[in-house]
Amino acid sequence: MKEIFQMSAKTFYGFEDILCEELKKIEAIDVFKSNRIVHFKGNKEIMYKANLCLRTALKILLPIAKKKVSNYESLYKFSFDFEWEKYFDKDSSFYINSVCFGKDFTHSLYVSQRVKDGIVDRFRKSNGSRPTVDKLNPDVYIDVHIDNNFCTLSLNSSGRNLNQRGYRKKSTEAPLNEVLASGLILLSNWNKKDDFLDPMCGGGTFLFEACMIAKNIPPNLYRKRFAFKKWNDWDQDLFINILKSLTKKIKDTNPSILGFEKSKNTFNKLNYNIKNSNLSDFISVSNTDFFNSKKESKENLHILINPPYGVRIGHELEKIYGLIGDTLKQKYHNTNAWIISSNFEAIKRIGLKPSNKFKIYNGKLESKFLKYEIYEGSKKIKN
Ligand SMILES: C[S@@+](CC[C@H](N)C(=O)[O-])C[C@H]1O[C@@H](n2cnc3c(N)ncnc32)[C@H](O)[C@@H]1O
């Protein structure tokens with residue numbers, strides 16, 4: 001592998017600028033953004049750091065070939081002609097993930113299949129045998145991206161997406177993607193000093209991510225599996241040195257990170273996940289109904305809420321969003337409260353005027369991320 005090479009980090013809509021900043025902090029070079037992706041250059045150390053440290057990256061790709069293709073047959077030929085043997089051999093296993101945009105390529109699964117056919121036919125022709133496909137634990141992860149007939153083949157250095165941090169031992173209902181949660185906290189400009197509260201915390205994604213941000217803990221410091229560990233040029237000593245230096249930079253602060261969860265069942269799973277993480281000393285949760293709570297101190301408070309958001313507004317949701325507005329206004333003065341929701345009708349029931357807003361996607365759902373500054377005398381507005 002060349003000393004300095006091209007890489008790309010995939011992200012969510014709206015996080016491109018934050019990801020550029022994160023990349024500059026780890027000293028990546030030639031950083032520039034596009035739609036849901038940031039391109040950059042660096043050496044192997046930067047690649048390892050990108051996988052360990054970037055809070056808003058979903059995966060780190062290394063483009064290895066680019067070509068214009070006009071149909072599935074020319075895609076097959078592109079794959080057949082490419083020197084895959086430079087990157088893996090006939091005894092390896094691989095898995096292909098594809099995304100495609102444009103009118104000529106509409107079936108991502110078929111795109112993966114044609115690229116796979118090109119790979120196995122090439123190996124079979126020269127060796128008589130071929131590498132196998134393994135969806136669960138392949139040696140090599142390959143990404144195919146086709147945008148209006150322009151095809152990029154990449155090696156995926158991360159493997160499974162980087163949101164899989166490893167702290168979610170027991171799953172809860174409708175958790176936020178960890179990369180999305182982290183990006184929202186960064187977008188909300190939390191100063192890392194004010195107390196942090198998620199009063200409807202579910203599985204606690206905001207709490208884990210906020211805690212790691214406050215203590216400068218890289219989000220994937222404790223993750224074991226990365227695709228690059230199976231590559232021929234895997235440098236264990238370099239990786240261990242990076243882990244040591246990142247560990248030294250963890251801050252010895254004791255942030256106040258608090259969560260409320262009303263459902264006993266969800267609360268029990270949340271509690272289990274916190275106790276079995278490395279962050280249990282810094283996160284406190286309570287089986288509390290937000291609407292029966294009040295702010296405990298006069299100090300500034302930073303709140304993030306991901307309330308329930310059914311697709312249609314019903315009486316129950318209407319009531320919940322109205323109560324969020326009432327509770328904040330009446331009992332949470334000196335608070336910056338941020339709410340993410342894809343239910344635009346329900347958002348109106350909050351009845352407070354947002355002072356800032358962003359458009360975000362939660363999976364496929366277009367959502368709003370809204371800031372409400374709550375102070376004594378802030379008024380509810382009528383919708
Ligand atoms: C969409 S989920 C939050 C998911 C969370 N962000 C995560 O990543 O796991 C909303 C949560 O709010 C909880 N909830 C609803 N009403 C509540 C209330 N009044 N007080 C506290 N929690 C409440 C629900 O039980 C549910 O777990």
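What follows covers the overall build of the protein chain. Scanning the protein chain from terminus to terminus reveals ten helices and 15 strands. In summary, the protein chain has a C-alpha radius of gyration of 23 Å against a globular reference of 21 Å for 383 residues, a match within 12%. Of the contacts formed within the protein chain by residues at least 6 apart in sequence, a portion of 76% connects residues at least 24 apart.

Near the ligand, the surroundings consist of 22 residues, among which Pro 175, Met 200, Gly 202, Gly 203 and Thr 205 are the closest. Partitioned by chemical class, the residues of the shell around the ligand number twelve nonpolar, seven polar and three charged.

A few words on helix 2 (residues 44–53). What sets the pattern is the α-helix's 3.6 residues per turn: residues three or four places apart point alike. Of all ten residues in helix 2, nine are buried; the element is thus mostly enclosed. Those residues of helix 2 that fall on the buried side of the exposure criterion are Lys 44, Ile 46, Met 47, Tyr 48, Lys 49, Ala 50, Asn 51, Leu 52 and Cys 53. Buried residues belonging to helix 2 abut strand 1 (5–10), strand 3 (37–42), strand 4 (59–68) and helix 7 (236–248).

A few words now on the domain arrangement of the protein chain. Along its sequence, the protein chain is carved into domain 1 (5–156) and domain 2 (178–217 + 251–374). Inter-centroid distance (C-alpha atoms) of domain 1 to domain 2 is 35 Å. Tallying the contact residues gives eight residues for domain 1 and ten residues for domain 2. Counted by class, the side of domain 1 that touches domain 2 contains five nonpolar, two polar and one charged residues.

What counts, and at which threshold
- Residues numbered from 1 in each chain as written.
- Predicted model: local features only at pLDDT ≥ 70, side-chain atom pairs only at ≥ 80, totals over all residues.
- Helix = DSSP H or I, 4+ residues; strand = E, 2+ residues; numbered from the N terminus.
- Rg over C-alpha atoms; globule rule 2.2 N^0.38 Å.
- Contact = placed C-beta atoms within 7 Å.
- Near = placed C-beta within 6 Å.
- Nonpolar A, V, L, I, M, F, W, Y, C, P; charged D, E, K, R; others polar.
- Buried ≥ 20, exposed ≤ 12 C-beta atoms within 10 Å, placed from the backbone.
- Domains from an automatic or database assignment.

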